[in-house]
Each structure stands twice: as C-alpha cells, then as structure tokens.
Amino acid sequence: KTLLGAMFFLMSMTYLTNHGDKDIRRYTYEVISQTISIFCAVLIFQSTNDFVDEAIRFADAENFKVCISLVHMVIWYAALQFHVYRVSLFGLESILEHKHKRPVMHGALENAVTCASLWRSMGLNDKGGKEADDHVEDLQAQMTCWK
C-alpha cells in the first residue's frame, strides 16, 4: 500500500508540475515549497532543542533547566519577530517600487518615511480618512508575484 501511495504521489506531482496551466504549476510549486519549509523548520527546531537538552545534561545544570528553557524560548520568539518584521518590510518596499516605479531607500529612518508616503499616497489618514481594508484589492493588484 505504501509503495502504491508513493508512486501515486510522485506521478501526481510530476503531472501537476508539468501542467499546461501556469496557475496550477505555480500553486503546485508553492505547496511543495511550503511543505519543504515546514519539514526544515521542524528539523532545525528539534535538533536545536536536542542540543540544548544535551548541553543541560552535560553541564549538570538540571536545577537551571527552566531558566535555560525560558531563554531558549525567548531566542526563538525574537527570531520570529525579526523575521516577520523583515518580511513585512520587504513586502512594503516591493509595493512602493511597483507603485512609484523607483527603488526604495533602505534604513530605519528612510523606511519610516517610505511607510508614511505609502499611507499618504493611498489617501489614508488618522482623522476620518479611508480605511486600510478598503485598499486591500488595490494593493494586491499592484503586487507582482508571478509572470
């Protein structure tokens, strides 16, 4: 049964990655990429967690296991927050580059100016202006993701 399931899976992946429709190929590659990313993330986390556990046992620091585990969690949480910040910043920069047809400046102050200019260019303000949810379709239409 497992062999037949694996063969069916490989044949369907071959069929979908060579499909005539560009959208089906794109979504197939996105699903494959996300699946591989999940497996890699689990592998990295498990190996790091095992390393921390072995280091605790090797250093004979069982009394400090809770503190060390807390520091380990804070490091992972900080890495997550940094990654989310960078991904959202690059998404904003790509929207601005597409909308204004010019490269975006890099740096903390320049990024704040860039965010403010995007906010103003969409006609949004903090005193009775348009809602950001009204422009979701406009922003999605301006993003270039697949050609």
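About the thresholds
- Residues numbered from 1 in each chain as written.
- Predicted model: local features only at pLDDT ≥ 70, side-chain atom pairs only at ≥ 80, totals over all residues.
- Heavy atoms only, no water.
- Helix = DSSP H or I, 4+ residues; strand = E, 2+ residues; numbered from the N terminus.
- Buried < 20%, exposed > 50% of the residue type's maximum accessible area, 1.4 Å probe, protein only.
- Contact = heavy atoms within 4.5 Å.
- Areas by Shrake-Rupley, 256 points an atom, 1.4 Å probe, with all protein chains shown as cover.
- Phe/Tyr/Trp six-rings, centres within 6.5 Å; stacked < 30°, edge-to-face > 60°.
- Lys NZ or Arg CZ within 6 Å of the ring centre and 35° of its normal.
- Polar contact = N/O pair within 3.5 Å; in protein donor to acceptor, adjacent residues only side chain to side chain.
- pLDDT = per-residue confidence, 0-100.
- Axes fitted to C-alpha atoms, helices over the stretch in contact; angles between N-to-C directions.
- Parallel < 35°, antiparallel > 145°, perpendicular 65-115°, else oblique.

Here we look at the overall build of the protein chain
- What the protein chain contains, in helices and strands, is 5 helices and 0 strands.
- Out of the 147 residues belonging to the protein chain, those deemed buried represent 14%.
- Summarising the internal contacts of the protein chain: among those between residues at least 6 apart in sequence, 27% fall at separations of at least 24.
- About 11,800 Å² of surface is accessible on the protein chain, with carbon and sulfur atoms providing 67% of the total.

Here's the deal with the environment of Met13
- Along the polypeptide, Met13 turns up in helix α1 (residues 2-17).
- With 12 residues separating them along the chain, Met13 and Arg25 place their C-alpha atoms 9.8 Å apart.
- Discounting chain neighbours no more than four positions away, the residues touching Met13 are Thr28 and Ile32.

Notes on the packing of aromatic side chains
- Using the criterion set out here, one finds 1 aromatic pair in the structure.
- Its end group placed over the ring of Tyr27, Arg26 keeps NZ or CZ at 4.3 Å from the ring centre.

With respect to the side chain of Thr17
- Within the element layout of this structure, Thr17 appears in helix α1.
- Assessed through its relative accessible area of 15%, Thr17 is described here as buried.
- In terms of polar contacts, Thr17 uses its side chain to reach the backbone carbonyl oxygen of Thr14, at 3.2 Å.
- When near neighbours in sequence (up to four residues on either side) are disregarded, Thr17 contacts Arg25, Thr28, Tyr29 and Ile32.

Some details on the confidence of the model for the protein chain
- This prediction gives the protein chain a mean pLDDT of 75; 62% of its residues lie at or above 70.
- Model confidence for the protein chain, summarised as mean pLDDT per element, is weakest for helix α5 (residues 136-142) at 52 and strongest for helix α2 (residues 22-58) at 90.

Observations regarding the packing of α1 against α2
- Relative orientation of the contacting elements α1 and α2 amounts to 135 degrees, with a least axis distance of 8 Å. The angle between α1 and α2 falls in the class oblique. Contacts between α1 and α2 involve Met13, Leu16 and Thr17 on the former and, on the latter, Ile24, Arg25, Thr28, Tyr29 and Ile32.

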